[in-house]
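Residue-level listing of the chains:
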Amino acid sequence: MRDVQPVQDAVINNGVGTMNDRPIVRGLGLRKTFAERVAVDGIDLDIPRGRCFGLLGPNGAGKTTTLRMLLGLTPFDAGTLTVFDLPMPERAREVRARVGIVPQADTLDPDFSVAENLRVYASYFGLSRRQVEPRIDGLLDFANLGERRDARIDTLSGGMKRRLTIARALVNDPELVVLDEPTTGLDPQARHVIWSRLSELRDASKTLVLTTHYMEEAERLCDELIVVDHGRILDRGSPRALIKRHVEPEVIEVRGGADAVIAWPEIQAARTERMGSSLYCYTREPAPLLNRLQAATGIVFLHRPAGLEDVFLRLTGRELRD
Amino acid sequence: MANFDWTLPRARRGALAVWRRNVLVWRRLLGPAILMNFGEPLIYLLGFGLGLGVFVGQVADLPYLAFLASGIVASSAMTTATFEGMYSVFTRMVPQRTYEAILATPLEIDDILAGEMLWCATKGLMSGVAILLVGAGLGVVGGMSALWAIPVVFLIGLTFGGMAMIMTALADNYDFFSYYFVLLVTPMMMLCGVFFPIDGLPGWLQDVVQILPLTHAVALVRPLVVGAPVDAAGLHLSVLIGYASTSYYLAVVLVRRRLVV
């Protein structure tokens, strides 16, 4: 499962400059153990510059721990890691000066207004007022918060806070932006605004690294991703390549009444997975099954193209994670 | 011990950004802050100094008001820095996640805690100087030597801010701080020579209070404020500096274990 095939994807996604662009992050055999739990169990990373790289995995898979290692915030037990060709964690200060970080939790400073949050945060980078002030309007526009520049943080909605957090992460004009579940807990409207902003950043040739467990997010944003579970990389590639590699192109979901259809030869011909009383049929030739389903009465079904979620469930299993 | 990073702390200029952040927040709460700094000690001094002073008369060759005021300059720097180092630092570290945000920048825990400790000392300095001014108004300050008390008060703030941050690094919640107040701050307040001279204590207790930092803080500040010669200044300064630097080191090690995991 660990046959990495980045070569073909690299050519597709980034035809120029692959020869002289060294990867922005290189990790080899990274391991981290907490008390008795292995959080990261031998992860290799090779994150190319100027693209959006995703870490996809269920809760507790080791995504956040891996991100924290990149930032020098979690010391690792084994392995080697460089960011911008600087060894970590020894050069963490220099690395973080060139990185923007959007943490999972809200860490905005409630003692300050929207604009002050950007200003004070910039001061932690040692940026002078003169350097920062001209940038603030642009950042507030980017976050759609120009009107709210003097608002207190506790008056902002969840989506506004997340947008401000992203703007804050850009205050030092970073080369690399690291986002830990950037849209978790947001409503669909707010999520779409964040996605369009992140696409803009990618188009501005920033390197993005994000963790997510939303397949739609990964499919929309990521040029390349790794699927992680139990601290290991299960596979790596572009969303399209992963779908092609792991699942049949079409899915027919039979919802409820799986028992009634399970013996049909058309069902037997497909690869099936059962979830409660629903049946997922993965196939390259959906027509015969669809014909039979349409002829039958009282069976609810859905026909759709296979997506990253199918890959994800195939690789990480269907049991519940808490 | 496993999981502890005992590397010597190295605070850099970034510490000042943390200090400045706190100044900015404090600036908008100026009204209540000034009331706390001036109002409370004024009431204490007038109440105890004038009221109790009538019965007490001279203490250690000083009018009681002068004895008390010079002691409270030191003890109020202690309590102010202690409160800041515990409740405010805990608020920024835990519920407010301010340090998590700062750690995403080039700053490290070494810088954050250095900035916090400077801020604790700054607040201690403000309350100490407020009492000094009130005392001067009441005529208990013995001359220009009192200006030397100002840097000493700052050092006292560093000492107790640092000690408080050790407790903060260990605390799960605000209630934990009650132990520190009851077991250490209040006894120091009572025994270290703020309200009465320590030579009135039983012999064994006099030995015990010699290891407490407030004893040395009072021993430095009182003569400076009232214009008397300072005995063993080097010893007292060394004790305060020792407590300040050791507690900074320990607080950094403990907070590293808590946040850099």
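Procedures and definitions
- Residues numbered from 1 in each chain as written.
- Chains lettered and ligands numbered in written order.
- Predicted model: local features only at pLDDT ≥ 70, side-chain atom pairs only at ≥ 80, totals over all residues.
- Heavy atoms only, no water.
- Domains from an automatic or database assignment.
- Phe/Tyr/Trp six-rings, centres within 6.5 Å; stacked < 30°, edge-to-face > 60°.
- Helix = DSSP H or I, 4+ residues; strand = E, 2+ residues; numbered from the N terminus.
- Buried < 20%, exposed > 50% of the residue type's maximum accessible area, 1.4 Å probe, protein only.
- Pairing = 2+ DSSP bridges.
- Axes fitted to C-alpha atoms, helices over the stretch in contact; angles between N-to-C directions.
- Contact = heavy atoms within 4.5 Å.
- Core = buried A, V, L, I, M, F, W, Y, C linked by side-chain atoms within 4.5 Å.

**Student:** I'd like a rundown of the domain arrangement of chain A, residues and numbers included.
**Tutor:** Where interface size is given, it is often the accessible area lost as the parts come together that is meant. Under the domain assignment, chain A is made up of domain 1 (6–244) and domain 2 (248–306). The straight-line distance from the C-alpha centre of domain 1 of chain A to that of domain 2 of chain A is 39 Å.

**Student:** Give a detailed account of the packing of aromatic side chains, specifying residues and quantitative values.
**Tutor:** All names here are of chain B. Within the structure shown, the criterion is met by 16 aromatic pairs over all chains. Both rings, one in Y44 and one in F48, keep their centres 5.8 Å apart while their planes meet at 25°; by these two values the pair is stacked. Placement of both Y44 and F48 in helix α2 (residues 30–56) is noted, with a separation of 4 residues, approximately one turn of the helix. On the basis of relative accessible area, F48 is assigned to the partly exposed category, the value being 35%. Geometrically, the ring pair formed by F90 and F177 is edge-to-face, given 5.8 Å between the ring centres and 85° between the ring planes. With F90 in helix α3 (residues 64–93) and F177 in helix α7 (residues 177–191), this pair connects stretches of sequence that are 87 residues apart. Taken together through their ring pairs, the aromatic side chains of F83, Y87, F90, Y174, F177 and F181 make up a single cluster.

**Student:** Give me the pairing of strand β3 (residues 52–56) of chain A: which residues, what numbers.
**Tutor:** All names here are of chain A. Across the 5 residues that make up β3, a large majority, 5, are buried. As paired strands, β3 and strand β8 (residues 207–212) are joined by 5 bridges and run parallel to one another. Bridge pairing in β8 links F53 to V209. Here 4 bridges tie β3 to strand β9 (residues 224–229), and the two strands are oriented parallel to one another. Each bridged residue has a counterpart across the sheet, and for F53 the counterpart in β9 is E224.

**Student:** So, the sheet that holds strand β7 (residues 176–180) of chain A: which residues are in play, and what are the values?
**Tutor:** Residue and element names in this part refer to chain A. Taken in spatial order, the 6 strands line up as β6-β7-β8-β3-β9-β10 in an open sheet, and their pairing is mixed. Of all strands in the sheet, those with a lone pairing partner are β6 (99–102) and β10 (232–237), marking the two edges. Shown here is a sheet whose adjacent strand axes are inclined to one another by a mean of 15°, direction ignored. Relative to the sheet, helix α13 (residues 308–316) contacts β3, β9 and β10, its axis offset from that of β9 by approximately 35°.

**Student:** Pulling in residues and values, what's your account of the nonpolar core?
**Tutor:** Judged by nonpolar contacts, the single largest core of 175 residues is most densely connected at V25(A), L81(A), L176(A), L308(A), I156(B) and L214(B). Of the residues forming this core, the biggest block, 16 residues, is contributed by α3(B). In this structure, this core is formed jointly by two domains, domain 1 (6–244) and domain 2 (248–306) of chain A, each of which donates at least three residues. What I156(B) contacts, discounting residues up to four positions off in sequence, is A74(B), A77(B), M78(B), A217(B), V221(B) and L240(B). Counting 13 residues, the second largest nonpolar core, distinct from the first, contains I252(A), I267(A), A270(A) and I299(A).

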